[in-house]
Amino acid sequence: MTAPPDDITLRAATPTDSGEIADLIYLSTNYWYRASGKPAIFSGDPAACELFPRVYETLDPGCCLIAVAGRTGRIVGSCFYHPRPTHVSVGIVNVHPAYFGRGVARRMMAQVIARAEADGKPVRLVSSAMNLDSFSLYTRLGFVPRTAYQDMFLSVPEGGLPDVPVDPRVRPAAPADAPAMAALERELVGIEREGDYRYFLENAEGIWHASVLPSADGPGLDGFLVSVAHPASNLLGPGVARTEEAAAALLLAELDHHRGRTPVFLVPVQAASLVQQMYALGAKNCELHFAQVRGSWTEPRGVVMPTFMPETG
């Protein structure tokens, strides 16, 4: 690999960097997909990608590293990370195409890993199985692929999905559900991020929605699923469920919330019946992702449905 340029410096991003970071996310992401023979992910005004620094800065102020070229002062790399009580998760990582393969992403990741190691925490991320450059970077840094996911998308008719059974127990989540959502994820996955769920349910941006499935056997939940609807991101997740049946009920509820849209969602490849149910509704595959962990990991129980904002596999 080519040595990184000497004039690249790393620093923490500030709110005034948001516009340039958004432009970088838009440019570098679309460049990779087009170079790989796929359609661009983002369309329209690159300013829509300001969603990413805005959400990440609200959740984790000061937790974005940027790489700055000394000659031009241009931001040529960005890496969001999220310290949590149980782990550190890595968010979207971007490098300007002119600096691909020059060690910029490795330098940013090394700083995040060093901070996590200082706190004695594992690092978690969700990465494309189709981007072998990033896959190689992460595995060389010690990350281990733990779970594979099918990325699926489904165009939901304006009138909703026809002839779909609805579980009457599923209801929209309320802010008071955040502790139970966090408790279920802690029980099934072994991680904790209650602050994320409080943020989603407060919904100051007006773009988030969540459904919960109360337990049939007493207090607590059998599952939950969050979603986002924004020009830069239309995704279902994060969510967890005790069973594939519970996951299906939550997916159907959140899909119905996105009538007239085409959301993307991630389903574990081993959740065979859930995958087939989504195919039967008309879902199609668009990509594959791996949940990767560097450090301690406990095999999840139930069904985990991650997303890309904020990421935790």
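Residues numbered from 1 in each chain as written. Predicted model: local features only at pLDDT ≥ 70, side-chain atom pairs only at ≥ 80, totals over all residues. Heavy atoms only, no water.

## What to know about the overall build of the chain
Move 1: A count of helices and strands for the chain gives eight helices and 13 strands.
Move 2: Its C-alpha atoms put the chain at 60 × 40 × 35 Å along the principal axes.
Move 3: Every one of the 313 residues in the chain was classed for burial, and the buried ones make up 52%.
Move 4: For the chain, the proportion of contacts with a sequence separation of at least 24, taken over those separated by at least 6, is 72%.
Move 5: Total accessible area on the chain stands at roughly 13,300 Å², and carbon and sulfur atoms take up 53% of it.
Move 6: For the chain, the centre of its 26 positive side-chain charges and the centre of its 33 negative side-chain charges are spaced 6 Å apart. (Helix = DSSP H or I, 4+ residues; strand = E, 2+ residues; numbered from the N terminus. Buried < 20%, exposed > 50% of the residue type's maximum accessible area, 1.4 Å probe, protein only. Contact = heavy atoms within 4.5 Å. Areas by Shrake-Rupley, 256 points an atom, 1.4 Å probe, with all protein chains shown as cover. Lys, Arg positive; Asp, Glu negative; His and termini not counted. Charge placed at Lys NZ, Arg CZ, Asp CG, Glu CD.)

## So, the side chain of His-82
Move 1: With respect to the element layout, His-82 can be found in strand S3 (residues 75-83).
Move 2: A polar side-chain atom of His-82 sits 3.1 Å from a polar atom in the side chain of Asp-60.
Move 3: Sequence-distant contacts of His-82, defined by excluding residues within four places in its chain, comprise Tyr-56, Asp-60, His-87, Val-88, Ser-89, Val-90, Gly-91, Pro-310 and Glu-311. (Polar contact = N/O pair within 3.5 Å; in protein donor to acceptor, adjacent residues only side chain to side chain.)

## Focus: the packing of aromatic side chains
To describe a pair of aromatic rings, one takes the distance between the centres and the angle between the planes.
Move 1: For the structure shown, the criterion picks out twelve aromatic pairs.
Move 2: Following the ring pairs from residue to residue traces out a cluster consisting of Tyr-197, Tyr-199, Phe-200, Trp-208 and Phe-224. (Phe/Tyr/Trp six-rings, centres within 6.5 Å; stacked < 30°, edge-to-face > 60°.)

## A word on the packing of helix H7 (residues 244-257) against helix H8 (residues 272-281)
Move 1: Contact geometry for H7 and H8: axes closest at 9 Å, N-to-C directions at 30°. Taken as axis vectors, H7 and H8 run roughly parallel relative to one another. You can see that H7 and H8 cross each other, and the crossing is right-handed. Across the interface between the two elements, Glu-244, Ala-247, Ala-248, Leu-251, Leu-252 and Leu-255 of H7 pack against Ala-272, Ser-273, Leu-274, Gln-277, Met-278 and Leu-281 of H8.
Move 2: Of the residues assigned to the contact of H7 with H8, the class counts are nine nonpolar, two polar and one charged. (Axes fitted to C-alpha atoms, helices over the stretch in contact; angles between N-to-C directions. Parallel < 35°, antiparallel > 145°, perpendicular 65-115°, else oblique. Left-handed = near helix turned anticlockwise from the far one by under 90°. Nonpolar A, V, L, I, M, F, W, Y, C, P; charged D, E, K, R; others polar.)

## Focus on the pattern of salt bridges
Move 1: The full count for this structure, using the stated rule, is 15 salt bridges.
Move 2: Put simply, Asp-222 and Arg-169 hold a salt bridge, and the shortest N to O gap is 3.3 Å. With Asp-222 in strand S9 (residues 221-230) and Arg-169 in the loop between strand S6 (144-153) and strand S7 (171-172), this residue pair connects regions lying 53 residues apart in the sequence.
Move 3: Note on Arg-169: relative accessible area 31%, which makes it partly exposed.
Move 4: Arg-193 is the partner of Asp-196 in a salt bridge, and the nearest nitrogen-oxygen pair spans 3.9 Å.
Move 5: The class of Asp-196 is buried, set by a relative accessible area of 3%.
Move 6: You can call Arg-193 buried: its relative accessible area is 3%.
Move 7: Through salt bridges with shared partners, a single network forms among Asp-60, Arg-84, Glu-185, Arg-193 and Asp-196. (Salt bridge = Lys/Arg side-chain N within 4 Å of Asp/Glu carboxyl O.)

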